[in-house]
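# Per-entry structural report
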Amino acid sequence: ILFLAFLVWFGSMGVHSAPSYRLGVSDVVRVTVYGQPDLSTVSRVSENGSVTLPTVGQVTVSGLTAGEAELKLAKILTEMEVVKDAQVGIVVEQYLSKKVTVLGEVARPGVFAITRGTTVTDVISEAGGLSADAGDVAIVTRKRGSRDQQVVVDLPALLEGRSNVPEPRVSDGDRIFVPKADLFYVYGEVNRPGAYPLERGMTVLQAISVAGGLTDKGTERGLKIRRKKSDGGEEVIPAHMTQPVQPNDVLQIKES
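So, a few notes on the structure that sits alongside this text. (Residues numbered from 1 in each chain as written. Predicted model: local features only at pLDDT ≥ 70, side-chain atom pairs only at ≥ 80, totals over all residues. Heavy atoms only, no water.)

Okay, the overall build of the protein next. A tally of regular secondary structure across the protein gives five helices and 15 strands. Since a compact globule built from 256 residues should have a radius of gyration of about 18 Å, the 27 Å found for the protein marks it as more spread out than a globular shape. Seen through its principal axes, the protein has C-alpha atoms that stretch 95 × 40 × 30 Å. By residue count, 39% of the 256 residues in the protein fall in the buried class. Across the protein, every contact between residues at least 6 apart in sequence was considered, and the portion connecting residues at least 24 apart equals 56%. Put simply, the protein shows about 14600 Å² of open surface, and 51% of that area lies on carbon and sulfur atoms. Each charge sign in the protein was given a centre, from 28 positive and 30 negative side chains, and these centres are 4 Å apart. (Helix = DSSP H or I, 4+ residues; strand = E, 2+ residues; numbered from the N terminus. Rg over C-alpha atoms; globule rule 2.2 N^0.38 Å. Buried < 20%, exposed > 50% of the residue type's maximum accessible area, 1.4 Å probe, protein only. Contact = heavy atoms within 4.5 Å. Areas by Shrake-Rupley, 256 points an atom, 1.4 Å probe, with all protein chains shown as cover. Lys, Arg positive; Asp, Glu negative; His and termini not counted. Charge placed at Lys NZ, Arg CZ, Asp CG, Glu CD.)

This next bit is on the environment of Arg144. Inspection of the secondary structure puts Arg144 in strand β8 (residues 137-144). Considering only alpha carbons, one finds Arg144 and Pro197, 53 residues apart in sequence, at a separation of 34 Å.

Right, let's talk about the sheet that holds strand β2 (residues 41-44) for a bit. Reading across the sheet, the three strands line up as β2-β1-β5 and stay open at both edges, with antiparallel pairing between neighbours. Each edge of the open sheet carries a strand with a single partner, namely β2 and β5 (88-94). Direction aside, the axes of adjacent strands within the sheet are offset by 25 degrees on average. Two elements, strand β1 (residues 28-33) and β2, share four bridges in a ladder whose sense is antiparallel. Residue pairing for β2: Val31 is matched across the bridge by Thr41. (Pairing = 2+ DSSP bridges. Axes fitted to C-alpha atoms, helices over the stretch in contact; angles between N-to-C directions.)

With respect to the helices and strands, the residue Val210 is situated in helix α5 (residues 204-210). For Val210, a relative accessible area of 30% gives the class partly exposed. The spatial distance from the C-alpha of Val210 to the C-alpha of Arg192 is 8.3 Å, given a sequence separation of 18 residues. Dropping the residues within four chain positions of it, Val210 is found in contact with Phe184, Arg192, Tyr196 and Met202.

This part covers the pairing of strand β15 (residues 250-253). Bridge count between strand β11 (residues 183-188) and β15: four bridges; the pairing is parallel. Bridging across to β15, Tyr185 finds its partner in Val250. Pairing geometry for strand β13 (residues 224-228) and β15, over three bridges, is antiparallel. The residue bridging Lys224 from the neighbouring strand is Gln252, located in β15.

Within the element layout of this structure, Gly213 appears in the loop between α5 and β13. Residue Gly213 is classed as buried on the basis of its relative accessible area of 15%. In the structure, Gly213 is positioned 142 residues away from Leu71 in sequence and 68 Å away in space, judged by C-alpha atoms.

Right, let's talk about the packing of aromatic side chains for a bit. The full count for this structure, using the stated rule, is two aromatic pairs. Between Tyr21 and Tyr95 the ring centres are 4.6 Å apart and the planes differ by 90 degrees, which places this aromatic pair in the edge-to-face class. Of this pair, Tyr21 sits in the loop between α1 (2-12) and β1 while Tyr95 sits in the loop between β5 and β6 (99-104), and the two are 74 residues apart along the sequence. Across the pair, Tyr95 and Tyr21 agree in class, each one buried. Positioned above the aromatic ring of Tyr21 is the side chain of Lys98, whose terminal nitrogen or guanidinium carbon lies 4.7 Å from the ring centre. (Phe/Tyr/Trp six-rings, centres within 6.5 Å; stacked < 30°, edge-to-face > 60°. Lys NZ or Arg CZ within 6 Å of the ring centre and 35° of its normal.)

Attention now moves to the pairing of strand β4 (residues 57-60). Inspection of the sheet shows strand β3 (residues 50-53) paired to β4 by four bridges, in the antiparallel sense. The partner of Leu53 across the bridge, within β4, is Gly57. What sits between the antiparallel neighbours β3 and β4 is a turn of three residues, in which Thr55 has the positive phi angle 75 degrees.

In this structure, Leu23, Val29, Val31, Leu73, Leu77, Val88 and Ile90 are the most contacted members of the largest nonpolar core, which totals 23 residues. Counting residues per element, the ones that place at least two in this core are β1, β3, α2 (66-79) and β5. For this core, the element with the most residues is α2, which contributes five residues. Leu77 has contacts with Val33, Leu39, Leu53, Val56, Val82, Val83, Ala86 and Val88, leaving out every residue within four places of it along the chain. (Core = buried A, V, L, I, M, F, W, Y, C linked by side-chain atoms within 4.5 Å.)

Next comes the structure, spelled out in structure tokens:
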């Protein structure tokens with residue numbers, strides 16, 4: 001719940017212009033020529049990488065940062081003697097040239113525009129946050145030459161400040177996948193038998209507690225776990241309360 005609240009808060013912060021972001025096709029920019037409102041405009045970067053400025057016409061800005069594009073437009077206006085000592089400001093209103101794909105357990109899977117400084121949690125927030133069945137990692141896949149490279153992001157560690165590495169920034173073309181949480185199952189003499197999300201380091205005692213605890217007829221004695229083997233088969237093993245629970249384990253609680 002805390003993590004979902006964190007993502008909602010993150011999304012409410014909005015997206016701000018990133019100084020290192022390089023303009024690309026389809027980005028929408030607001031160009032302001034100070035003291036010259038007739039020359040100020042909002043323009044979309046065209047397929048040839050240019051924006052259209054009144055009086056000046058088309059100017060190529062693709063591949064430039066907003067700051068570099070400001071200097072270029074100011075120089076052109078001054079050299080053409082349209083404005084003496086022109087001062088130009090550029091704000092990116094819509095980041096549309098660079099995109100990432102978000103799939104898996106998020107509210108709105110799809111393709112989303114990014115800025116240079118966009119992080120994994122930014123994009124997950126744009127996708128509506130995690131679904132109720134989401135696991136606690138996000139897998140980022142990106143192209144490195146002819147190969148795919150994967151980065152696994154520990155989402156709770158980021159929220160709790162336990163991460164040993166900085167949160168990765170996403171790049172154009174990245175794919176972010178949020179898998180479903182692993183499940184475990186509790187059957188027999190517990191108050192709420194069924195399937196539950198598996199938390200890291202969860203023990204048998206904690207798993208039984210999640211399932212509502214033992215019924216009046218339930219006993220810890222003779223506790224067994226039915227566990228899948230690597231070859232696809234199953235094994236039944238004795239269990240104790242401090243034993244770690246593994247994905248897809250089935251806990252069987254006997255009657256006293």
